[in-house]
Amino acid sequence: MSQGSSNRSSKARVKVRGQAQVPADPGFAEIVTLIQAARDRAYHAVNTALIDLYWQVGEYISRKLSAAEWGDGVVTQLAAHLANTQPGLRGFTRANLFRMRQFYEAYRDDEKVAPLVRQLPWTHNLIILSQSKRPEEREFYLRAAAREQWSKRELERQFAIALFERAVLTPAKVSPVVRQSHPQALSVFKDAYLLEFLGLPEGHSEADLHQGLLARLKTFLIELGRDFWAVLSRGEKFVLPA
């Protein structure tokens, strides 16, 4: 692609009815940014309000059941009542009402974690609540999902590859001698590298890992296009196909 065509394609253009396309004013991008920021704030505000509502409903049901004022059958009646009196209302089935109770009871005594649940969508909270085996694991995924802004699919993938077990329960091993002489050594290995995309066998060697990474790197560079080249280990070179 020539430099001129690259410059033309990199500029946003506006088509006005009856007129030719003209370059977009730089200020348009600022307006788009303002709109997106307002959308994000509105989304977070709605999500926080929704999670607060589920928390309050869960708290109410928990208190009623704990005090034996309600039985499970009353929750079933509540779900039916809401369906009849609030047409179009979603998310208040019998099963979801019990999930709200479970949600509240799981976090009510944890002041550190309770604020985190309001930063995530309800679907994320349900995944973490249903798939975590202990409070520490719930906190781990709540913090990670909020910090990394994982999608639902990415959160499910992290559970599938057991990120908590890899990063927390089985951290890198460092010998006592190294710990004493270099106390900071463990921090070098604090990040867990998840390389399942390489398709390596369970007991793969360092050489297998090396070759797998190089193969992926080569594929990536090929996809970038011609005129790229790389120097591999032991001085091996390859030229991308024309």
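Summarised in this report is the structure supplied together with it.

Conventions and cut-offs
- Residues numbered from 1 in each chain as written.
- Predicted model: local features only at pLDDT ≥ 70, side-chain atom pairs only at ≥ 80, totals over all residues.
- Heavy atoms only, no water.
- Helix = DSSP H or I, 4+ residues; strand = E, 2+ residues; numbered from the N terminus.
- Contact = heavy atoms within 4.5 Å.
- Phe/Tyr/Trp six-rings, centres within 6.5 Å; stacked < 30°, edge-to-face > 60°.
- Lys NZ or Arg CZ within 6 Å of the ring centre and 35° of its normal.
- Patch = residues over 30% accessible without salt bridge, like charges linked within 9 Å, V, L, I, M, F, W, Y side chains within 5 Å.
- Areas by Shrake-Rupley, 256 points an atom, 1.4 Å probe, with all protein chains shown as cover.
- Salt bridge = Lys/Arg side-chain N within 4 Å of Asp/Glu carboxyl O.
- Expected span 1.5 Å × (residues − 1).
- Buried < 20%, exposed > 50% of the residue type's maximum accessible area, 1.4 Å probe, protein only.

### A few points about the environment of glutamate 137
1) Next: For glutamate 137, the location among the structural elements is in helix α7 (residues 135-148).
2) Next: Sequence separation between glutamate 137 and leucine 169 is 32 residues; the distance between their C-alpha atoms is 9.9 Å.
3) Next: Beyond its immediate stretch of four places on either side in the chain, glutamate 137 contacts Gln131, Ser132, Phe159, Phe164 and Glu165.

### Observations regarding the packing of aromatic side chains
The relation between two aromatic rings is expressed through the spacing of the ring centres and the mutual angle of the planes.
1) Next: The final tally for this structure, using the stated rule, is ten aromatic pairs.
2) Next: Counting every residue linked through ring pairs, the aromatic cluster contains Tyr54, Trp55, Phe92, Phe103, Tyr104, Tyr107 and Trp122.
3) Next: Positioned over the ring face of tyrosine 107 is arginine 138, at 5.4 Å from the centre of the ring.

### Digging into a nonpolar patch on the surface
1) Next: A cluster of nonpolar side chains, Ile31, Leu34 and Ile35, forms an exposed patch at the surface whose accessible area comes to about 290 Å².
2) Next: On the secondary structure map, isoleucine 35 appears in helix α2 (residues 26-66).

### Considerations on helix α4 (residues 94-107)
Turn by turn, an α-helix covers 3.6 residues, leaving residues three or four places apart pointing in a common direction.
1) Next: Helix length check: α4 (14 residues) gives 21 Å between terminal C-alpha atoms against 20 Å at 1.5 Å per residue, within 8%.
2) Next: Listed in full, the buried residues belonging to α4 are Asn96, Leu97, Phe98, Met100, Phe103, Tyr104 and Tyr107.
3) Next: On its buried face, α4 is in contact with α2, α3 (72-85), α5 (114-117), α6 (122-131) and α7.

Any link to function would need more than the numbers given here.
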